[in-house]
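Structural features, examined
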Amino acid sequence: MSAQGLNIDNAQELQELYRELILDHARSPRHFGKLPHATHSAEGINPLCGDKLKLYLDLDDAHTIRAACFEGSGCAISVASASLLTETIIGLSAKDALTWFTAVTTRLTCSDPVKQIATLDLGKLEALEGVRQFPSRVKCATLAWHALRSALQQRPAPVSTE
Amino acid sequence: MTQLGQNRKVTVAMRDYRQDFPALQQDVNGHPLVYLDSAASAQQPASVIDAMAQYARTHHANVHRGVHTLSHRATDAYEQARDKLREFINAKSRTEVVLTSGTTESINLVAQSFCRPRIGSDDRILITHLEHHSNIVPWQLVCEQTGAELLVAPMDSRGQLDLEKLYGLMTEKVKILAIAHVSNALGTINPLQEIIARAQGLDIPVLVDGAQGVPHMAIDVQELDCDFYAFSGHKMFGPTGTGVLYARESLLDAMPPYQGGGDMILEVSFAGTTYNDLPYKFEAGTPNIAGVIGLGAAVDYLQSVGLANIAEYEQQLLDDMTRRLADIDGIRLLGTAAHKASVQSFLLDDIHPHDLGTILDHQGVAIRTGHHCAMPVMDYFGVPGTARASLALYNNADDIDRLIDALEQARKLFA
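Keep in mind that what you see is a predicted model, and the values were worked out from it rather than measured. The residue numbers shown here count from 1 along each chain, following its written sequence. Here every chain gets a letter starting at A, and every ligand a number starting at 1, in the order they are written. Local features in this predicted model are restricted to residues of pLDDT 70 or higher, and side-chain atom pairs are both shown and tallied only at a pLDDT of 80 or more, whereas totals for entire chains, interfaces and linings draw on every residue. Note that the side-chain values use all heavy atoms of the structure and ignore hydrogens as well as water.

**Things to note about the overall build of chain A**
- Of the regular secondary structure elements, chain A holds 6 helices and 3 strands.
- The C-alpha radius of gyration computed for chain A amounts to 15 Å, which stays within 12% of the reference 15 Å derived for 162 residues, consistent with globular compactness.
- With the C-alpha coordinates aligned to their principal axes, the bounding extent of chain A is approximately 55 × 35 × 30 Å.
- Contacts: residue pairs with any heavy atoms within 4.5 Å of one another. Considering only residue pairs separated by 6 or more positions, chain A has 58% of its internal contacts joining residues 24 or more positions apart.
- For chain A, the accessible surface area stands at approximately 7600 Å², while carbon and sulfur atoms represent 52% of it.
- Here the positive residues are Lys and Arg and the negative ones are Asp and Glu; neither His nor the chain ends is included. A charge is said to be at NZ when it belongs to Lys, at CZ for Arg, at CG for Asp and at CD for Glu. For chain A, the distance from the average position of its 16 positive side-chain charges to the average position of its 18 negative side-chain charges is 5 Å. Each helix is a run of H or I in the DSSP string that is no shorter than four residues. Each strand is a run of E no shorter than two, and both are numbered from the N terminus. The globule rule used here is 2.2 Å times the number of residues to the 0.38 power, and the radius of gyration it is set against is calculated over C-alpha atoms. Accessible surface is estimated by sampling points in the Shrake-Rupley manner with a 1.4 Å probe; for residues, cover comes only from the protein chains shown.

**Some points on the packing of helix α1 (residues 46–58) of chain B against helix α9 (residues 289–305) of chain B**
Residue and element names in this part refer to chain B.
- Only the stretch in contact is used when fitting a helix axis, every axis being a line fitted to C-alpha atoms; angles between N-to-C directions are given from 0 to 180 degrees. Relative orientation of the contacting elements α1 and α9 amounts to 145°, with a least axis distance of 8 Å. The way α1 lies across α9 gives a crossing that is right-handed. Every residue of α9 that contacts α1 at Ser-47, Val-48, Ala-51, Met-52 and Tyr-55 is listed here: Ile-289, Ala-290, Gly-291, Ile-293, Gly-294, Ala-297, Ala-298 and Tyr-301.
- For the contact of α1 with α9, the residue count by class is 10 nonpolar, 3 polar and no charged. Crossing handedness follows the turn of the near helix against the far one: under a right angle anticlockwise gives a left-handed crossing, and clockwise gives a right-handed one. Polar here means any residue outside two lists: the nonpolar Ala, Val, Leu, Ile, Met, Phe, Trp, Tyr, Cys and Pro, and the charged Asp, Glu, Lys and Arg; Gly therefore counts as polar.

**As for the interface of chain A and chain B**
- Chain A puts 25 residues into the contact, and the matching count from chain B is 15 residues.
- For the pairing of chain A and chain B, the buried interface totals around 1800 Å² over both sides, and the portion due to carbon and sulfur atoms is 58%.
- By convention in these notes, a salt bridge is any Lys or Arg side-chain nitrogen within 4 Å of a carboxyl oxygen on Asp or Glu. In this assembly, chain A and chain B are joined by 1 salt bridge.
- Residue Arg-137 of chain A is joined to Asp-355 of chain B by a salt bridge in which the shortest nitrogen-to-oxygen separation is 2.9 Å.
- Here a polar contact is recorded for every N or O atom pair within 3.5 Å, except that within protein the pair must consist of a potential hydrogen donor and a potential acceptor, and residues adjacent in sequence are included only if both atoms are side-chain atoms. In this structure, the connection of chain A to chain B is made through 7 residue pairs in polar contact (both at pLDDT 80 or more).
- Counting residues per element, the side of chain A that touches chain B draws most heavily on helix α1 (residues 11–17) of chain A, at 3 residues.
- Grouping the amino acids of the side of chain A that touches chain B by side-chain chemistry returns 15 nonpolar, 5 polar and 5 charged. Here the quantity called buried area is the total loss of accessible area, with a 1.4 Å probe, experienced by two parts when brought into contact, counted for both.

**A short note on the pattern of salt bridges**
Residue and element names in this part refer to chain A.
- In the structure shown here, the tally under the stated rule is 23 salt bridges over all chains.
- The partner of Lys-124 in a salt bridge is Glu-87, with the nearest N and O atoms 2.9 Å apart. Here Lys-124 is found in the loop between α5 (113–117) and α6 (138–152), whereas its partner Glu-87 is found in helix α3 (residues 76–89), with 37 residues between them in sequence.
- By relative accessible area, Lys-124 is classed as partly exposed at 46%. Each residue is placed in one exposure class: buried if its accessible area under a 1.4 Å probe, protein chains only, is under 20% of its type's maximum, exposed if it is over 50%, and partly exposed if it falls in between.

**Comments concerning the nonpolar core**
- Buried residues of nine kinds, namely Ala, Val, Leu, Ile, Met, Phe, Trp, Tyr and Cys, make up a nonpolar core once their side-chain atoms join them within 4.5 Å. Counting 79 residues, the largest nonpolar core has Tyr-18 and Leu-57 of chain A together with Leu-403 of chain B as the members making the most contacts within it.
- Of all the elements, α6 of chain A adds the most residues to this core, at 10 residues.
- Setting aside its immediate chain neighbours within four residues, Leu-57 of chain A contacts Leu-35, Ala-38, Thr-39, His-40, Ile-65, Ala-67, Ala-68, Ile-89, Leu-148, Ala-151 and Leu-152 of chain A.

**Observations concerning the packing of aromatic side chains**
All names here are of chain B.
- Each Phe, Tyr or Trp ring, with Trp reduced to its six-membered ring, pairs with another whose centre is within 6.5 Å; inter-plane angles below 30 degrees give stacked pairs, above 60 give edge-to-face pairs, and intermediate values give tilted ones. Inspection of every chain in the model, using the stated rule, returns 10 aromatic pairs over all chains.
- Relative to Tyr-301, the ring of Tyr-17 lies with its centre 6.5 Å away and its plane at 85°, an arrangement referred to as edge-to-face. On the criterion of sequence distance, the pair formed by Tyr-17 in the segment before β1 (27–28) and Tyr-301 in helix α9 is long-range, its members being 284 residues apart. Of the two residues examined, Tyr-17 and Tyr-301, each falls in the buried class.
- Three or more aromatic residues link up through ring pairs in this structure, and these residues are Tyr-17, Phe-21, Phe-237, Tyr-301 and Tyr-394.

**Here's the deal with the sheet that holds strand β13 (residues 331–334) of chain B**
All names here are of chain B.
- DSSP bridges decide pairing: two strands pair if at least two such bridges lie between them. Judged by pairing direction, the sheet is antiparallel, and its 4 strands sit side by side in the order β13-β14-β17-β16 without closing on themselves. Because the sheet does not close on itself, it has two edges, and the strands there are β13 and β16 (368–370). Going from strand to strand, the sheet's axes swing by 30° on average, the running direction of each strand aside.
- Across 4 bridges, β13 lies against strand β14 (residues 343–348) in antiparallel orientation. Directly across from Leu-333, in β14, lies its bridge partner Phe-346.
- Where helix α11 (residues 353–361) meets the sheet, it contacts β14, β16 and β17 (386–390), and its direction lies at approximately 160° from that of β16.

**Description of helix α10 (residues 307–326) of chain B**
All names here are of chain B.
- Its 20 residues give α10 an end-to-end C-alpha distance of 28 Å, which sits within 8% of 28 Å, the value for a rise of 1.5 Å per residue.
- Along α10, the positions that sit buried rather than exposed are Leu-307, Ile-310, Tyr-313, Glu-314, Gln-316, Leu-317, Leu-318, Asp-320, Met-321 and Leu-325.
- Of the surrounding elements, those touching the buried residues of α10 are α2 (69–89), α9, β13, β14, β17 and α13 (397–414). A helix is expected to reach a length of 1.5 Å times the quantity of its residues less one.

**A look at the packing of α10 of chain B against α13 of chain B**
Residue and element names in this part refer to chain B.
- Packing of α10 against α13 brings their axes to within 10 Å, and their N-to-C directions diverge by 20°. The orientation of α10 with respect to α13, classified from their angle, is roughly parallel. α10 and α13 meet at a crossing whose hand is right-handed. Residues Leu-317, Asp-320, Met-321, Arg-324 and Leu-325 of α10 pack against Ala-397, Ile-400, Asp-401, Leu-403, Ile-404 and Leu-407 of α13.
- Of the residues belonging to the contact of α10 with α13, the class tally is 8 nonpolar, no polar and 3 charged. An angle counts as roughly parallel when it lies under 35 degrees, as roughly antiparallel when it exceeds 145, as roughly perpendicular when it falls between 65 and 115, and as oblique in every other case.

In structure tokens:
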């Protein structure tokens, strides 16, 4: 799409941060809106930054995530991350979803290369890895995932990654 | 004369002041730094840095109480800075120049020491919609403490105060008007002389938040006729942790101390304590000696450049930047008052300000993004935040070129 037209010397890092997939999910976030029969929900707010989201989950009796939605506003990274999150977790068990939380947050924040490699194959979520070159934006990418953990563990207070 | 191109002549004779500022001589992310965030904090010239280093190397000692040589030198340098500041804002007397840690502390001092003892639940405190949080929250605290009501004078979509509504709110119940000289988010310069004259006519004391005023224009507190004027050192090319509260001597005399401790006393005993003379009554504890000396050097620097020159140069740069920003497809300018200092908030298409900030930073261009500690302003425009570019005397036409280019790249990336 658009990343090719850039006329900057070291555009590669920017292109990795704002990959097509990220821009697409930021512009057209999947599963965006309220979930009327949500069994679990959590808020994620980064007040200094302005990113705000609410994640809604519907779990069945066997703790499988039947549906997931989110609403809110924020930067492209936070919205894309939340959108990719909902795509990833629908159909998973709560336990597997929490494993993804650990995998994603470790991959995005961990500076230990050994620990890095040991995490799951992130699939589409690889697209978020570009944020590692932009430390001030990591919190944008991890906000939705912390909200996920909060929702699954039914923690009442809004979560922040600041 | 700096040529900016055919239609872009800056006619003020300004040499390139960039070279005076060590921090500007660096690359960021592989590009020469373009610093457009002076409204958040200005860079310091070498003379300021050197003054502080020199103090630390050769005459550091605690001030005011020592009999030894270093203490005298430190005290002289410190008090000399106070005298420079007095002259800088044309205060009548040095007793009216209280040294604080910044605008925020200055305003809190007035809120707690001047306002709080004098007001009750029937009274009002008047501020405006344009204010920075540091000129909102101290007043909210006083209202919580006393039961007084906070009134907010509205602004319009250009970021200008609605003067008629402001004047309408100035009743005899209003015990103080707290107002910004310049809006940090929108750049609006408030017509203070007119507003203060009106307030004085109604016996309403006025506090001016001058944080964004002092870097951009010459300040004359006697001419302004305000009761209090607060500003920060780090916004005027001095170090952080310094600032001034200018206040009329008669008011300071009548106010109880803000913080208790050493230096603000004459005598302490368990039977009772007497307070020091002005301005020391309001300066408890060991001050930021190095910082104040640095601030004095910043005053020297600004006066060597000339505030009138700075004001004129910045206006021309601002006009240039505003015009070029307005030419970008999809730009939305926030803060378009008729009289502005060199601050411009904007948004570009649907791009979130933080994404803009990251993309610009990646090209070496430093702007600020977010709510700029002015959430009510953001709420007014219905946005979570803006991107903000602010210009100072060390910026030039090349900086504006780089800003515009960087924004075009952002637009392409998100197109």
